[in-house]
Amino acid sequence: MDKDPNKGAAEFLPDKLDLESLRIAAACCEGCGRFQNATQTVFGEGPSHATFMLVGEVPGDQEDRQGHPFVGPAGRILDRGLEEAGIPRDDVYVTNAVKHFAFIPKGKRRIHQKPTAAEITACQPWLNAELAVVEPRMVVVLGATAARSLLGPAFRVTKQRGVPVPLGERLAVATIHPSAVLRAPDREAEYEGFLADLRAAAHAA
Ligand code: URA
Ligand code: SF4
């Protein structure tokens, strides 16, 4: 019988729950099919007891090559937003709902593949473990994929963004994904909305 390709990350979790053990264990994760063509697992980064945890979708092309979250174009929008919202970079842990890049080759380009609902579920054990270790006061949910993972499939970012909602014992504020700013016809307006949501998160933390 075929093995389920999206069996999930749970069996790859380490016994010891600290960020270093998690990072080492996640490097060998085969909890869904995405590990196959990616360069590496891109795990979260930041201080182990950061006040803010920012959760994106999935590493992009640059993140896959470099092995760090949000180091490409979306990361530059995020950095600008954090600075302007007065969220100190050294009090932020940054991660993604799904830890492996997947793509379709198109000539020399690698076209980003959105994670499926099954892949989002498969990767949740890593995100839950990061939350359990870091215990952030405020979780900033960046876009629909992170919202699906953390707040469930019924949550609508467009309707519920910028408002603190409970997430277990923590608070979460959802906003658009920073790459949506890059794709928007009116980038400045989109960025201003993104910044307002980050400010709401900073205020509520
Ligand atoms: N987009 C994401 O969601 N995460 C990254 O790390 C980079 C781009
Ligand atoms: Fe494991 Fe997540 Fe990578 Fe899938 S995307 S192989 S669940 S780390």
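The text that follows walks through the structure, step by step, so that each part is easy to find. Just so we're clear, the structure is a prediction, and the values are computed from it rather than from any experiment.

1. A short note on the site of ligand 1
Part 1 of the reasoning: Ligand 1 sits among Gly 56, Glu 57, Val 58, Pro 59, Gly 60, Glu 63, Pro 69, Phe 70, Asn 96 and His 177.
Part 2 of the reasoning: Backbone polar atom of Glu 57 to an oxygen atom of ligand 1: 2.8 Å apart, as the coordinates give it.
Part 3 of the reasoning: Within the backbone of Val 58, an N or O atom sits 3.0 Å from a nitrogen atom of ligand 1.
Part 4 of the reasoning: Relative to its unbound accessible area of 240 Å², ligand 1 is 93% covered by the protein chains.
Part 5 of the reasoning: Classifying every residue of the shell around ligand 1 gives four nonpolar, four polar and two charged.

2. Side note on the environment of Phe 103
Part 1 of the reasoning: The topology assignment puts Phe 103 in strand β3 (residues 103-106).
Part 2 of the reasoning: Linking Phe 103 and Gly 60, residues 43 residues apart in sequence, is a C-alpha distance of 9.1 Å.
Part 3 of the reasoning: Phe 103 has contacts with Asn 37, Arg 110, Ile 111 and Gln 113, leaving out every residue within four places of it along the chain.

3. Description of the site of ligand 2
Part 1 of the reasoning: In the neighbourhood of ligand 2, the contacting residues comprise Cys 29, Gly 31, Cys 32, Arg 34, Phe 35, Val 98, Lys 99, His 100, Ala 122, Cys 123 and Trp 126.
Part 2 of the reasoning: Class assignment of the residues belonging to the shell around ligand 2 gives a composition of seven nonpolar, two polar and two charged.

4. Remarks on the side chain of Asp 197
Part 1 of the reasoning: Within the secondary structure, Asp 197 sits in helix α8 (residues 187-204).
Part 2 of the reasoning: A polar contact of 2.6 Å, which involves the side chain of Asp 197, links it to the side chain of Thr 175.
Part 3 of the reasoning: In this view, Asp 197 contacts Arg 161, Gly 162, Val 173, Ala 174, Thr 175 and Ile 176; residues no more than four positions away in its chain are not counted.

5. Description of the packing of aromatic side chains
Part 1 of the reasoning: Counting across every chain of the model gives three aromatic pairs.
Part 2 of the reasoning: Relative to Trp 126, the ring of Phe 43 has its centre 6.0 Å away and its plane inclined at 90°; by these criteria the two rings are edge-to-face. Here Phe 43 is found in the loop between α1 (19-26) and β1 (52-56), whereas its partner Trp 126 is found in helix α4 (residues 117-134), with 83 residues between them in sequence.
Part 3 of the reasoning: Between Tyr 191 and Phe 194 the ring centres are 6.4 Å apart and the planes differ by 55°, which places this aromatic pair in the tilted class. Of this pair, Tyr 191 and Phe 194 both sit in helix α8, three residues apart, which is roughly one turn of that helix.
Part 4 of the reasoning: Residue class for Tyr 191 comes out buried when judged on its relative accessible area of 1%.
Part 5 of the reasoning: The positively charged end of Lys 99 is found above the aromatic ring belonging to Phe 43, 5.6 Å away from the centroid.
Part 6 of the reasoning: Arg 110 extends its terminal NZ or CZ atom over the ring of Phe 103, reaching a point 4.9 Å from the ring centre.

6. Comments concerning the side chain of Arg 110
Part 1 of the reasoning: Checked against the element boundaries, Arg 110 lands in strand β4 (residues 109-112).
Part 2 of the reasoning: Exposure remark for Arg 110: the relative accessible area of 19% places this residue in the buried category.
Part 3 of the reasoning: Side-chain polar atoms of Arg 110 contact the side chain of Asp 61, separated by 2.7 Å.
Part 4 of the reasoning: Polar contacts involving the side chain of Arg 110 include one to the side chain of Asp 64, which spans 2.9 Å.
Part 5 of the reasoning: With residues near it in sequence (within four places) discarded, Arg 110 still touches Thr 39, Asp 61, Asp 64, Arg 65, Phe 101, Phe 103 and Ile 104.

7. Some words on the packing of α1 against α4
Part 1 of the reasoning: Between α1 and α4, whose axes approach to 10 Å, the crossing angle comes to 170°. As summarised for this structure, α1 and α4 are arranged roughly antiparallel, according to the angle between their axes. Here α1 and α4 pass one another in a crossing that is left-handed. Where α1 approaches α4, its residues Leu 19, Leu 22, Ala 25 and Ala 26 are matched on the opposing element by Trp 126, Ala 129, Glu 130, Val 133 and Val 134.

8. Describing the packing of α4 against helix α5 (residues 144-151)
Part 1 of the reasoning: One way to put it is that α4 packs onto α5 with a least axis distance of 9 Å and a crossing angle of 70°. By the angle between their axes, α4 is roughly perpendicular relative to α5. Between α4 and α5 the crossing geometry is right-handed. Along the contact surface, α4 presents Ala 117, Ile 120, Gln 124, Leu 127 and Leu 131, while α5 presents Thr 145, Arg 148, Ser 149 and Leu 150.
Part 2 of the reasoning: Grouping the amino acids of the contact of α4 with α5 by side-chain chemistry returns five nonpolar, three polar and one charged.

What counts, and where the lines are drawn
Residues numbered from 1 in each chain as written. Chains lettered and ligands numbered in written order. Predicted model: local features only at pLDDT ≥ 70, side-chain atom pairs only at ≥ 80, totals over all residues. Heavy atoms only, no water. Near = heavy atom within 4 Å. Polar contact = N/O pair within 3.5 Å; in protein donor to acceptor, adjacent residues only side chain to side chain. Areas by Shrake-Rupley, 256 points an atom, 1.4 Å probe, with all protein chains shown as cover. Nonpolar A, V, L, I, M, F, W, Y, C, P; charged D, E, K, R; others polar. Helix = DSSP H or I, 4+ residues; strand = E, 2+ residues; numbered from the N terminus. Contact = heavy atoms within 4.5 Å. Phe/Tyr/Trp six-rings, centres within 6.5 Å; stacked < 30°, edge-to-face > 60°. Buried < 20%, exposed > 50% of the residue type's maximum accessible area, 1.4 Å probe, protein only. Lys NZ or Arg CZ within 6 Å of the ring centre and 35° of its normal. Axes fitted to C-alpha atoms, helices over the stretch in contact; angles between N-to-C directions. Parallel < 35°, antiparallel > 145°, perpendicular 65-115°, else oblique. Left-handed = near helix turned anticlockwise from the far one by under 90°.

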